[in-house]
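Chain residues, written in single-letter form:
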Amino acid sequence: MSQSSRRQGILLALTGAIFWGGSGVAGQYLLQDCAFTTEWLVGVRMLVSGALLLLFDFIFYRQNLLTVFRTRRDALEVIAFAIFGMLGVQYTYFAAIKYSNAATGTVLQYLMPIVIVFYTALRTKKWPKSVEILCVLLAVLGTFLLVTHGSLAALAISPTALFWGLLSAFAAAFYTVQPKRLICHWRPTLVTGWGMLLGGLLFVPISRPWIFTGQIDMTALLLFAYIILFGTVIAFGCYLGSLQYIQPAETSILGSAEPLAAILLSVVLLHITFGLYDLLGTICILATVIILARQK
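Residues numbered from 1 in each chain as written. Predicted model: local features only at pLDDT ≥ 70, side-chain atom pairs only at ≥ 80, totals over all residues. Heavy atoms only, no water.

A. Structural view of helix H4 (residues 102-109). Among the eight residues in H4, eight count as buried, and that is most of the element. Taken as a whole, H4 has its buried residues at Ala102, Ala103, Thr104, Gly105, Thr106, Val107, Leu108 and Gln109. With a side-chain oxygen lying 3.1 Å from the backbone nitrogen of Ala103, the N-terminal cap of H4 falls on Asn101. (Buried < 20%, exposed > 50% of the residue type's maximum accessible area, 1.4 Å probe, protein only. Helix = DSSP H or I, 4+ residues; strand = E, 2+ residues; numbered from the N terminus. Polar contact = N/O pair within 3.5 Å; in protein donor to acceptor, adjacent residues only side chain to side chain.)

So, in structure tokens, the structure goes:
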């Protein structure tokens, strides 16, 4: 692979991560301050974004959008990606934010590289390297500090937030690894578009997009538009598009820009308190991706 292609992959991964971090902050405002429901926000986001991505794909490539379903293998992989990858990562992520905040939810999701390390070890039937074991220990320590603030007497976040945050890490790992073959064989916009649209359609009985509860004003509308356009269409397209140029593990590592963006935006715009233990826990978790980034 040429150096320019690798740089393109890195730039795509970083751009997607930063936009996605911003969408978490916007989502926190809509969920906590405007009383949007997680189900409605995720369901409508997926339906609109999926339709837009497929429209863009058709405009740019002028090819049959249904070609991805011509073989049984491709069709099953798209459906699995839609349910366990796209819907899974979005719902668990916003549920974690609803019960904590954008910074905490995003940091917990970035236990994802550790999940990928364990998955790779099981798939290859090889014990993780010593440096990978160190990363696991750092991730456990970081999660402990983030969740308990150094005290076993009580949790610093609710058990519900912890549950959804850990589940989002597993969903993000699946979302990062599973669609690589599809994306290399087809196109990021086509695979992502169908993943979102199918996931949103399957979620309709639960999300019920025709029933809205919450508060709508100009700020809410602008933030919702940001989530759809920048935090979803562009972010997912960039993130998955990077898989054409770099490996899934590298993409997940570069995605560490997402929690950093979420933390900074949360502190500046939403004025959340991010204390010493939160900072130390975040450093431990992000250190795992920095260490893994130095490995081939």
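So that's the structure; there's more coming.
B. Looking closely at the pattern of salt bridges. Evaluation of the coordinates by the stated rule reveals four salt bridges. Residues Arg73 and Glu77 are paired through a salt bridge, measuring 3.1 Å at the closest nitrogen-oxygen approach. One end of the pair is Arg73 and the other is Glu77, both in helix H3 (residues 72-99) and four residues apart, which spans about a single turn. The exposure class of Glu77 is buried, given its relative accessible area of 17%. Here Glu77 makes a salt bridge to Arg181, at a shortest N to O gap of 3.1 Å. (Salt bridge = Lys/Arg side-chain N within 4 Å of Asp/Glu carboxyl O.)

C. View of the nonpolar core. Core analysis: the largest hydrophobic core is formed by 77 residues, its most contacted members being Leu30, Leu41, Met86, Tyr175, Trp194 and Leu240. Top contributing element to this core by residue count: H3, with 12 residues. (Core = buried A, V, L, I, M, F, W, Y, C linked by side-chain atoms within 4.5 Å.)

D. Molecular detail of the side chain of Arg187. Mapped onto the elements, Arg187 comes out in the loop between helix H8 (180-185) and helix H9 (188-207). The class for Arg187 is buried, based on a relative accessible area of 8%. Among the polar contacts listed, one links the side chain of Arg187 to the side chain of Gln63, at a separation of 3.0 Å. The contact partners of Arg187, leaving out residues within four places of it in the chain, are Asp57, Tyr61, Gln63 and Leu182. (Contact = heavy atoms within 4.5 Å.)

E. Up close: unusual backbone geometry. Phi is positive for Ala35, which is not a glycine, with a value near 60°. By the element assignment, Ala35 lies in the loop between helix H1 (3-33) and helix H2 (38-61). Take Ala35: its relative accessible area is 42%, and that puts it in the partly exposed class. With a phi close to 55°, Arg62 is a non-glycine residue in the positive phi region. Within the secondary structure, Arg62 is located in the loop between H2 and H3.

F. Region of the structure containing the packing of H9 against helix H10 (residues 218-241). Between H9 and H10, the shortest axis-to-axis distance is 9 Å and the interhelical angle comes to 125°. The angle between H9 and H10 falls in the class oblique. Read as a crossing pair, H9 and H10 show a hand that is right-handed. On H10, the residues that touch Pro188, Thr192 and Met196 of H9 are Thr232, Phe236, Gly237, Leu240 and Gly241. Residue classes in the contact of H9 with H10 are distributed as four nonpolar, four polar and no charged. (Axes fitted to C-alpha atoms, helices over the stretch in contact; angles between N-to-C directions. Parallel < 35°, antiparallel > 145°, perpendicular 65-115°, else oblique. Left-handed = near helix turned anticlockwise from the far one by under 90°. Nonpolar A, V, L, I, M, F, W, Y, C, P; charged D, E, K, R; others polar.)

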